[in-house]
Structure formats: structure tokens, C-alpha cells
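A look at the structure
Spelled out from the first residue to the last, the chains are:
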Amino acid sequence: MNADQQFKSWMRFLIAFFFLLFAYIVIADRHAPLTTEGRVQGYVVQVAPEVTGKITQVFVTNNQKVKQGDALFEIDERKYRIALDKATLSLRSALEKEETLYSQREAALANISRARANYNNTHREYQRLEKLSFKKVISQSNLDNAAAQDHIAKATLRAQEQNLKVIETQLGDEKGKSTAVLLAQNMVNSANLDLSYTVVTAPSDGVVTNLQLEVGTMARVNAPLLTFVPTGSMWVAADFREKSVAGVDGNYSALVTFDANPGEVYRFSIKSRDYGVAAAQQQPNGSLTQVEKNNRWVRDAQRTRVNLENNEHLPNSLFVGSRATIVLYPSDSAFWSLMATTQAYLASWFHFIY
């Protein structure tokens, strides 16, 4: 075989190999799709104080691991301690006033008893004189005086009863339950809560990152001061062409290789698939529809996000935003499982080079 024949033979082989590879890529994209558009996602908590004041202490360093409840930083507590002392004094004053009201209640009950006894006496006297008046035994002026005394005694009794109601209205069902005491107790609780907020703690186990906090910084309510990444909150999100994952269902699994760990492949399961993208989100702003313009004959494929989860802990070298390459495959197909594994390991080894 001469050189010209060898060249033609190689060309036929390369053309056949190209068509076979092209056919495999087209078919594999439907059965074992691959994407390099994967990232490690995670919940990022912006830690913000709930009180205002100067930072007096910072207990953590950048990228430090902390446990739930560990102190992160402290805000000057002096004015909040003063507020607590003031609220405590107000509570004490309210309790003292409540004791005074109970004393006044006892006095009011005694006054009612005396007024009722006086009214009963004057009323009987009036009734007795009224009978004598019918018999013309006493004068009308004596009867009128008795009637006046009867009305005065009755009015005095009513006044004492109303005074008791006023006092009992200010008292609660039991001691320490009056409105004034409850309000003062509420102020104490609020002051205690504000004082507790002067020490900001970790909401869960995690890592403090992007720390740019120094002593003397002015902390403001709900203004984030540091970034916190909870431990165990990371997952992998992969963006696939929508035609590639049209047939993906619960029988599919995933193989993931990370740029941070070249040469290693991890098995994941499919957790969910997003039901929309931001480009199609409609805002009810009263404006007309904005028509998308694209003069290209072949436009870019739309991508959709698939979320993956791993029952095991991810490598410690990963962080929120780490890049990943993902291959999906049907678990019940030995052929596509083998091809997906081959693709994943090839991609993982390529990360050693690039």
C-alpha cells in the first residue's frame, strides 16, 4: 500500500470516527448529559445586630469555624444596662403603687361597710318617721330632714362603692397582675432582651468569612456586619441545556467532579429541578411586553437548573462558588452508567491539566 492509499485509508477512518463520535454526542446528550456549568451552592447568612452601638470586642477571626451560640462580637452594653436598671426601678415603683392600691382597697371596703351601716340606720329611721308622719305625730320638717339624711347616706354608699371599683380596675386578678406592673415588667423584659443582643452569637455551626470588622465600628440595627456560612448547608447546582434534561426523572443519578479535587469523582442524587428562569419572570409594572430580539439563525440553548444532593459530607476543600462538572445517567442502564463514569473520570483527569 503506497502513501496515497494509506492517506485515503486514514481519512476514511477519521471521517467514520468523526461521524461515530458526533452520533454518540448527540445521543449521549439525551441519555447521559454532561455540563461544566456547575457550582457549589450554600446558604449565606448576613449576620446583623439587633441593637445599635460601638463594637467593643471581636471574638472571631476570618474563616474561623464556630459552634452554635459562640460569641462573634460584642456591642457596648452600658446604655442598655442603664435602661435595664431604669426599667427595674419602674417595676419596683409599680409594685409599691400596687401595694398602696391594695391598702386603699381595704380602706375602701371598710368605708363601704361603714357607709352601708350608716345608710341602713338612716333608712330605718326615715321609714319609722314616715309612719309617724301618717299619724300626725311628728312635723313635716322632721320627716324632710330624715329623708335628706337617707339620700345623703345612700349617695355616700354609692360613692364608696364606685371608689372601690376604680381601685379594683387598676388591680389585676391577683398580686403582680395590675396593668402598671405588667407594663413595667414588659419594659424590664424588653431591656433584658436588648442587653442580651449586645453579644451577637453564631446562629448555627458554620464558618465566619469575609470578616471586615474592627473594634470601634458603629453597629446599626439590621445592618449586616459579617458573613456566615452554615456547616452542612452546601449543595451542587448544575445548569443543563433544557433538551438534555427533558427526559431526566427519578431514576437518574449524577457523577460530580470538582475543580478543587481533580481526579476524584463523587456520586450525587437529583434533589430537584427548578421550574423557571429569571429571563421569563414577569413583573406587574404596568408596561407592555418586551419582545426578545435575536437575529441569529441558531440561538443559544436555554439552560435549566438541576439541584443535586449528597448524603455524605462534601470535601473540606470546597467552598460556596466552587466549580464542578456533572454527568447525569439512568441508574437502571449499565451501558449509560459505564459511559457516564468514563466521561466523569476523563473530566476529572483533565482538571489536572487545565
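Above: the structure in question.
Here's what I pulled together on the structure shown here.

**Considering the pattern of salt bridges**
Here the idea is simple: oppositely charged side chains can pair when their charged atoms come close. One pass over the full model with this rule turns up eight salt bridges. The salt bridge partner of Glu 77 is Arg 81, with a shortest N-O separation of 3.4 Å. One salt bridge in this structure joins Glu 106 and Arg 105, with 3.9 Å as the shortest N-O distance. If you follow the salt bridges from partner to partner, you end up with Asp 29, Arg 241 and Lys 243 in one network.

**Focus on the sheet that holds strand E2 (residues 45-47)**
The sheet built from four strands is open, its strands ordered E2-E9-E7-E4 with antiparallel pairing. Edge strands, defined here as strands with exactly one partner in the open sheet, are E2 and strand E4 (64-66). Across the sheet, the axes of successive neighbouring strands diverge by a mean angle of 35 degrees, strand direction being ignored.

**Here we look at helix H5 (residues 334-353)**
Helix length check: H5 (20 residues) gives 29 Å between terminal C-alpha atoms against 28 Å at 1.5 Å per residue, within 8%. When H5 is considered as a whole, its buried residues turn out to be Trp 336, Ser 337, Ala 340, Thr 341, Gln 343, Ala 344, Ala 347, Ser 348 and His 351. On an axial view of H5, the arc spanned by its buried residues comes to 165 degrees, and they lie on one face. What points out from H5, more than 90 degrees from its buried face, is the exposed set Ala 334, Leu 338, Trp 349, Phe 350 and Ile 353. Contacts made by the buried residues of H5 are with helix H1 (3-31), strand E1 (34-41), strand E11 (252-258), strand E12 (266-273) and strand E14 (323-330).

**Here we look at the pairing of strand E13 (residues 303-309)**
The pairing of strand E10 (residues 235-241) with E13 spans six bridges and is classified as antiparallel. Bridge pairing in E13 links Phe 240 to Thr 304. Examined bridge by bridge, E12 and E13 share four bridges and lie antiparallel to one another. Residue pairing for E13: Arg 273 is matched across the bridge by Val 306.

**Remarks on the environment of Ser 244**
Within the secondary structure, Ser 244 is located in the loop between E10 and E11. According to the relative accessible area criterion, Ser 244 is buried, its value standing at 1%. Apart from the residues lying within four places of it in its own chain, the contact partners of Ser 244 are Asp 29, Arg 30 and Pro 33.

**Topic: the packing of H1 against H5**
The interhelical angle for the contact between H1 and H5, taken along N-to-C directions, is 105 degrees, at an axis separation of 11 Å. The angle between the axes of H1 and H5 places the two elements in the roughly perpendicular class. Listed contacts from H5 to Tyr 24, Ile 27, Ala 28 and His 31 of H1 are Trp 336, Met 339 and Gln 343. Partitioning the contact of H1 with H5 into residue classes produces five nonpolar, two polar and no charged.

**Re the nonpolar core**
Ile 55, Val 66, Leu 72, Phe 73, Val 208, Leu 213 and Leu 226 are the most contacted members of the largest nonpolar core, which totals 27 residues. For this core, the secondary structure elements donating two or more residues are strand E5 (71-75), helix H2 (78-134), helix H4 (179-196) and strand E9 (226-230). Discounting residues that sit within four places of it in the chain, Ile 55 has contacts with Phe 73, Glu 74, Ile 75, Leu 213, Glu 214, Val 215, Gly 216, Thr 217, Ala 219 and Leu 225. One finds Val 40, Ala 254, Val 256 and Leu 308 within the second-largest nonpolar core, a separate group that totals 19 residues.

**Re H4**
Compared with an ideal rise of 1.5 Å per residue, which puts 18 residues at 26 Å, H4 spans 26 Å between its outermost C-alpha atoms and is within 8% of the ideal. Considered for burial, the residues of H4 that qualify are Val 181, Ala 184, Val 188, Ala 191 and Leu 195. Considered in projection along H4, the buried side chains sweep an arc of 85 degrees and stay on one side of the axis. In H4, those exposed residues whose orientation departs by more than 90 degrees from the buried face are Thr 179 and Leu 183. The elements touched by buried residues of H4 are H2 and strand E6 (199-201).

**Concerning the packing of aromatic side chains**
Each aromatic ring pair is summarised here by two numbers: the centre-to-centre distance and the angle between the ring planes. Under the definition given, this model contains seven aromatic pairs. Ring geometry for Phe 18 versus Phe 19: centroids 5.7 Å apart, planes at 70 degrees, classification edge-to-face. Of the residues examined, Phe 19 reaches a relative accessible area of 53% and is grouped as exposed. Aromatic side chains Tyr 43 and Trp 235 sit 5.1 Å apart centroid to centroid with 55 degrees between the ring planes, which places their arrangement in the tilted category.

**Description of the sheet that holds E10**
Around the barrel, six strands lie side by side as E1-E10-E13-E12-E11-E14; this closed barrel has antiparallel pairing. Across the sheet, the mean angle from the axis of one strand to that of its neighbour is 45 degrees, orientation sign disregarded. Relative to E10, E1 is paired through four bridges, and the arrangement is antiparallel. Pairing of Val 40 across the sheet is with Val 236, part of E10. Helix-sheet contacts for H1 involve E10, E11 and E14, and the interaxial angle to E14 is about 85 degrees. Packing of H5 onto the sheet brings it into contact with E1, E11, E12 and E14, and relative to E14 it is tilted by some 170 degrees.

Basis of the calculations
Residues numbered from 1 in each chain as written. Predicted model: local features only at pLDDT ≥ 70, side-chain atom pairs only at ≥ 80, totals over all residues. Heavy atoms only, no water. Salt bridge = Lys/Arg side-chain N within 4 Å of Asp/Glu carboxyl O. Pairing = 2+ DSSP bridges. Helix = DSSP H or I, 4+ residues; strand = E, 2+ residues; numbered from the N terminus. Axes fitted to C-alpha atoms, helices over the stretch in contact; angles between N-to-C directions. Expected span 1.5 Å × (residues − 1). Buried < 20%, exposed > 50% of the residue type's maximum accessible area, 1.4 Å probe, protein only. Arc of directions from axis to C-beta. Contact = heavy atoms within 4.5 Å. Parallel < 35°, antiparallel > 145°, perpendicular 65-115°, else oblique. Nonpolar A, V, L, I, M, F, W, Y, C, P; charged D, E, K, R; others polar. Core = buried A, V, L, I, M, F, W, Y, C linked by side-chain atoms within 4.5 Å. Phe/Tyr/Trp six-rings, centres within 6.5 Å; stacked < 30°, edge-to-face > 60°.

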